[in-house]
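Fold and geometry: a report
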Amino acid sequence: MMDGSVPNIKKWAVLYPVYINKNKTLAEGRRISTTKACENPNCVEIGDCCNHLKVPFAIELDKAYPRDFMQRGRVRVLLKREDGTLYNPAIHNKKQLMLHVAELIPRHPGRTKKQEATSSSTTVSSKSGKGKKKR
């Protein structure tokens, strides 16, 4: 991969955001327990977590989850090198990768900024409550 050749990502493992979404049921496609899953992950967050874990990845936004075609995007990941050694010794299979990614996403920088923005906007809107009009 580092020699300039284009990797064949068709053989890489596929990770759909649904697999680690706490709000989905097993029938809807969740693959890990709700206690370990995170809320509404997206492909960019999953990609950033794979980058943090030093696992090669490719985001495919034009693809959809087969059980729910409204869920756009998926992430391709490569867990092993061509010689069979792992990119990250802590991650042996796709399930372990899903657990690590689900653990990292709530601490994602984009998530923490969103939470701060929503909490500050709620404090502003709560002050403008209904009351008696002054005459």
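Residues numbered from 1 in each chain as written. Predicted model: local features only at pLDDT ≥ 70, side-chain atom pairs only at ≥ 80, totals over all residues. Heavy atoms only, no water.

1. Let's talk about the overall build of the protein chain
Note the cut-off: Counting from the N terminus, the helices are DSSP H or I runs at least four residues long and the strands are E runs at least two residues long. Here the term buried applies to any residue with accessible area under 20% of the maximum for its type, exposed to any over 50%, and partly exposed to those in between, with areas from a 1.4 Å probe on protein chains only. Any two residues having at least one pair of non-hydrogen atoms within 4.5 Å are treated as being in contact. Surface exposure here means Shrake-Rupley accessible area, sampled with a 1.4 Å probe, where a residue is shielded only by the protein chains that are shown.
Helices and strands together make up the secondary structure of the protein chain, namely 3 helices and 3 strands. Reading the protein chain from its N end, one meets helices and strands in the order β-α-β-β-α-α. Scored against the burial criterion, the 135 residues of the protein chain give a buried share of 35%. Contacts in the protein chain between residues far apart in sequence, at least 24 positions, make up 56% of those at least 6 positions apart. A total of about 9300 Å² of accessible surface is found on the protein chain, and carbon and sulfur atoms cover 55% of it.

2. Some thoughts on the nonpolar core
The condition that has to hold: Only buried Ala, Val, Leu, Ile, Met, Phe, Trp, Tyr and Cys residues count toward a nonpolar core, and they belong to the same one when joined by side-chain atoms within 4.5 Å.
Core analysis: the largest hydrophobic core is formed by 26 residues, its most contacted members being Ile 20, Ile 46, Leu 97 and Val 101. Secondary-structure elements contributing two or more residues to this core are strand S1 (13-15), helix H1 (43-52), strand S3 (68-77) and helix H2 (94-104). Per-element tally for this core: the top contributor is H2, with 5 residues. Those residues in contact with Ile 46 that lie beyond four places of it in its chain are Leu 15, Pro 17, Ile 20, Val 75, Val 101 and Ile 105.

3. Examining the packing of aromatic side chains
Here is the rule we go by: Only Phe, Tyr and Trp rings are paired, with Trp represented by its six-membered ring, and only when their centres lie within 6.5 Å; those with planes under 30 degrees apart are stacked, over 60 edge-to-face, the remainder tilted. A ring has a charge above it when a Lys NZ or an Arg CZ is no more than 6 Å from the ring centre and no more than 35 degrees off the ring normal.
For the coordinates displayed, the defined rule picks out 3 aromatic pairs. Judged by centre distance (6.1 Å) and plane angle (85 degrees), the ring pair of Tyr 19 and Tyr 65 falls under edge-to-face. With Tyr 19 in the loop between S1 and H1 and Tyr 65 in strand S2 (residues 57-65), the pair connects residues that are 46 residues apart, well separated along the chain. What makes Tyr 19 buried here is its relative accessible area of 5%. An aromatic cluster is defined as three or more aromatic residues linked by ring pairs; in this entry it consists of Tyr 16, Tyr 19 and Tyr 65. Cation over ring: Arg 31 sits above Tyr 19, and NZ or CZ is 4.0 Å from the ring centre. The ring of Tyr 87 is capped by Arg 81, whose NZ or CZ atom sits 4.6 Å from the centre of that ring.

4. Concerning the confidence of the model for the protein chain
This is how it is decided: On a range of 0 to 100, pLDDT expresses the predictor's confidence in each residue.
Here the protein chain averages 82 in pLDDT, while 77% of its residues score no lower than 70. When mean pLDDT is taken per element in the protein chain, S1 scores highest with 93 and helix H3 (residues 109-127) scores lowest with 58. Predicted confidence is poor over residues 121-128, with pLDDT under 50, and the contacts of this stretch with residues over four places away or in other chains come to 0 contacts.

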